[in-house]
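Chain residues, written in single-letter form:
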Amino acid sequence: IPVFILAGLLVHCVFLVSIFDIYFSSPLVHGMTPQQTPLPPPAKRLVLFVADGLRADSLYELNSNNTPQAPYLRGILENNGSWGISHTRVPTESRPGHVALIAGFYEDVSAVAKGWKENPVEFDSVFNESKYTWSWGSPDILPMFAKGATGDHVYTFCYTAESEDFGAQDAAKLDMWVFDRVKSFFNSSRSNQTLFSALNEEKVVLFLHLLGIDTNGHAHRPNSREYKENIKKVDEGVKEIASMIDNFYGNDGKTAFILTSDHGMTDWGSHGAGHPSETLTPLIVWGAGVNYPQKVTSQFFEDNFLKEWKLENFKRLDVNQADIAPLMASLIGVPFPLNSVGTLPLEYLNNSAHFKAESMFTNAVQILEQFKVKMSQKKETTLSFLFTPFKPLSDSEQINFLKKTRLYIQQQKYDEAVSLCKTLINLALEGLSYYHTYDRLFLGLSIAMGFVGWTTYVILVIIKTHTNLTKTVQTNNKESTVLFYSFAFVGMIIAFFLLIQTCPWTYYVYCLLPVPVWYAVVRELRVIQDLATNLMSPHIGQSIGFLLVCTLGIEILVFSFFYRSTLTIGLLVFAGWPVITQLWVQAKTTALIWTLLCVLLAIFPLMPVVGREPNIPLVIATGLLTFLISCFSLSSLCKSENKYRNNEDLKVRFYQMLSIALSTYVVSSTHDSLKNKQGLPVLNQIISWMTLVSSSVLPLLSPTFLFQRLFSILLSLMSTYLLLSTGYEALFPLVLSGLMFVWINMEQEALQHYGLSFKPKLAVFNFAYATDTTQFRQLHLDDVRRSFFFVFFIVTAFFGTGNIASINSFDPASVYCFLTVFSPFMMGGLLVLKVVIPFVLVSCAFEAVQVTTQLSSKSLFLIVLVISDIMALHFFFLVKDYGSWLDIGTSISHYVLVMSLTIFMMLMNGLAQLLTAKRLELPRRTKHHST
């Protein structure tokens, strides 16, 4: 039913896109007037050092012999400046971190979809407001601030993208490059009059982006010698640059310096999620207009870092990352960036109380401006009687606040003025989020309506076409016309309402989608009545019990997305399945192997995901084990009767064994080579890519007998998977596919057990001749379990070795056999391949189960569709757009996963059919060759 499939794809795509519209639209508004403090600023210029990927504890902690990691910066915070911890938000990636630092707002999730490179939304930044900005560093970061700037006053100097190599000798050279360029830039300005006068202007920003620490952290982990050495080098570089700049300006005391980081890094060298090691970054500020160190006797923070760092007596001033932008703006006296939501951290300023109060007032007005624009936008697109304004900040309240604050400043009651401004800022931010999420409930409900309708419709289709629960019913023409017109009328009313309110076109899609879907359901009213009478009559208890078991199964699946250990419970229940259903009576050995493998597989979800150290010997052992198994199968193949084999097939099998052996060798030699910092050997790289390419072709050359073909698929995929493994996960596909082989046998036993069909001999079963449609049977209740097993195994294939939902578990080490130069798309592609391999194994096994149990793949697929749609509805309401970014990211990826699961299963189904049933023949020497 191509129409049905198209409708299904369309509905799912709408559901998938809807969450980005409902939860993650960009919060930025445009059209505010810039706000600037009317008093003269303390500094003429600002130097911003961003040490990419530097953790707070790595910078502040003392070495084993009680000397500081960064002696110069430690001296600064003890004698000259103020310090604290800057708390970043998730995703702790470079782009959102820099946007928060320099533009003062936290980039919304819609940026995730756009990649980190370009500006998904136009935004204003401190660089844009400055007179001139010169910046040095990485080509991934600098261009985005130059691009958004108006006019030609933001200059960038970048190295090439190829320099960012994780496998290279030492990434600290990236930072040396920056320091050397800055020095030569200042030297050249002495002989270049225009540059010299530009440097002596006011409102100048110099930005040094230091990527070495981040690159070394990825390659060697933050506790490594390389990472710590890099911090020392940065410390020396900052010292040299600071003294050179002071000399250049004749020590005029008009330079402010800020050193911070865009994000931290976990102990296993990744970032992106919300672990404290990723969200705590250092902040040290010194120079013009900045407070000197404040001595205190005691101070309380929930973390116990102060004691470890021996900094209990120096006042620690914590800020949110976005607060640094208003701090920079206030120090050099430029307007606050228009979209900034940061609050000026007054404790860093060494200035008159009057200046502080005025700056705070500017800050409050600047955030209030955004609130006003947002409110007027909402007001214009909503009918006046439906509009509910944000109560605490009505127009009269706003005026009241501003008047009071002005009055306090005139009466020199500066503290009162400041606290009023802080209240106003908090209210305005609350109001911003109130208007931003104004339509959420209404859209959410209409999507949910569509969801429920669609799922109901699919269930009806299954019951009508693939079972014999209902009689065929005649439809009454007159009734159906009335139905059609009444639904059309409802649709027109909804459209009219949306039209009056000038809603965006996507709203029409979301609100009108439920109409045709429910129309399709109501048309099948007779089927529903028929079904109800069928179920109610003799065995109502059975029906209710069956529904309860179904619900429990689906809830277990939903839970497994949050707690991987749920999968273990599920697998242990599966292990007992033959006992519960008395299947073990008729097939004792098969049932025993099934139970054993289920228990083995149940161990994987209990293993830790991230923070795992690479365990190369385990990968090598797995390679050897696979090799042994294939030898064993080869020998049994040679012994078998002649009609199943010919020499061509043996050649293919031999190639596959060779490639397993090669992969095992490549993994071990690449690991050693990188350990000795010799980079990735070219030969290994060539072998890796060739294995990858050949693994997709080799299975198509092997015979299409059931187990031979499946084993061939396993060997090919396994050789690629070994190259992508770094630890225990190498064993996973092996155990999983073992379980899949037994599953195929178990399903045969189940068929016989329920007396549904004869038992074909699996050994001679051939995929190529298995599509005889006359033999398809109707669905049986047991087929619902079959589909559930499939969904469960797919979820296990996904979460078994780790959870993709956390950006954290992307370990770049798994692609080192293929490439070491940083290339996000290549690395991402390979990691996705690694995730897909277990999927392919499960899909091929499911294909075999469908074929050997004589079911049309369509009917089983529909049941799978229902299961995953019910799961998706759960996740739709669990999507978050607040809390740590880890929660947000996880909740989005869960929803996207389940939604794409259905689309993905259609693709997987096709791929499995291709991998199992198609055969490429190599041309033989004889004249005639069949294809």
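Scroll up to find the structure this text is about.
What comes next concerns the included structure.

Analysis parameters
Residues numbered from 1 in each chain as written. Predicted model: local features only at pLDDT ≥ 70, side-chain atom pairs only at ≥ 80, totals over all residues. Heavy atoms only, no water. Core = buried A, V, L, I, M, F, W, Y, C linked by side-chain atoms within 4.5 Å. Buried < 20%, exposed > 50% of the residue type's maximum accessible area, 1.4 Å probe, protein only. Helix = DSSP H or I, 4+ residues; strand = E, 2+ residues; numbered from the N terminus. Contact = heavy atoms within 4.5 Å. Expected span 1.5 Å × (residues − 1). Axes fitted to C-alpha atoms, helices over the stretch in contact; angles between N-to-C directions. Parallel < 35°, antiparallel > 145°, perpendicular 65-115°, else oblique. Left-handed = near helix turned anticlockwise from the far one by under 90°. Nonpolar A, V, L, I, M, F, W, Y, C, P; charged D, E, K, R; others polar. Pairing = 2+ DSSP bridges.

## Some remarks on the nonpolar core
With 128 residues, the main nonpolar core has Phe-574, Trp-594, Trp-743, Phe-793, Met-871 and Tyr-895 as its most contacted residues. If you tally residues by element for this core, the top one is helix α33 (residues 824-852), at 15 residues. Apart from the residues within four sequence positions on either side, Trp-594 is in contact with Phe-574, Ala-575, Trp-577, Pro-578, Leu-739, Val-742, Trp-743, Met-746, Phe-789 and Phe-793. Core analysis: the next-biggest nonpolar cluster, separate from the first, contains 67 residues, Met-144, Ile-324, Leu-331 and Ala-417 among them.

## Some details on helix α11 (residues 225-248)
Spanning 24 residues, α11 covers 35 Å between terminal C-alpha atoms, matching the ideal 34 Å at 1.5 Å per step. One or two positions beyond α11, positive phi appears at Gly-250, with a value near 60 degrees.

## Structural notes on the packing of helix α28 (residues 647-675) against helix α30 (residues 706-723)
Orientation of α28 relative to α30, taken along the N-to-C sense of each, is 20 degrees, at an axis distance of 8 Å. With respect to α30, the element α28 is oriented roughly parallel. Between α28 and α30 lies a crossing of left-handed hand. Along its contact with α28, which presents Arg-653, Gln-656, Ser-659, Ile-660, Ser-663, Thr-664, Val-666 and Val-667, the element α30 presents Gln-708, Phe-711, Ser-712, Leu-715, Ser-716, Met-718, Ser-719, Leu-722 and Leu-723. Of the residues in the contact of α28 with α30, the class split is eight nonpolar, eight polar and one charged.

## Focus on the sheet that holds strand β2 (residues 82-87)
Ordered by their spatial adjacency, eight strands build an open sheet running β4-β3-β5-β1-β6-β7-β2-β8, and the pairing between neighbours is mixed. The open sheet is flanked by β4 (154-158) and β8 (319-320), the only strands paired with a single partner. In this sheet, β8 lies alongside β2 in parallel orientation, the contact comprising two bridges. Counterpart to Ser-86 in the pairing with β8 is Val-319. Those strands touched by helix α8 (residues 172-189) are β3 (132-137), β4 and β5 (204-210), and its axis lies near 155 degrees from that of β5.

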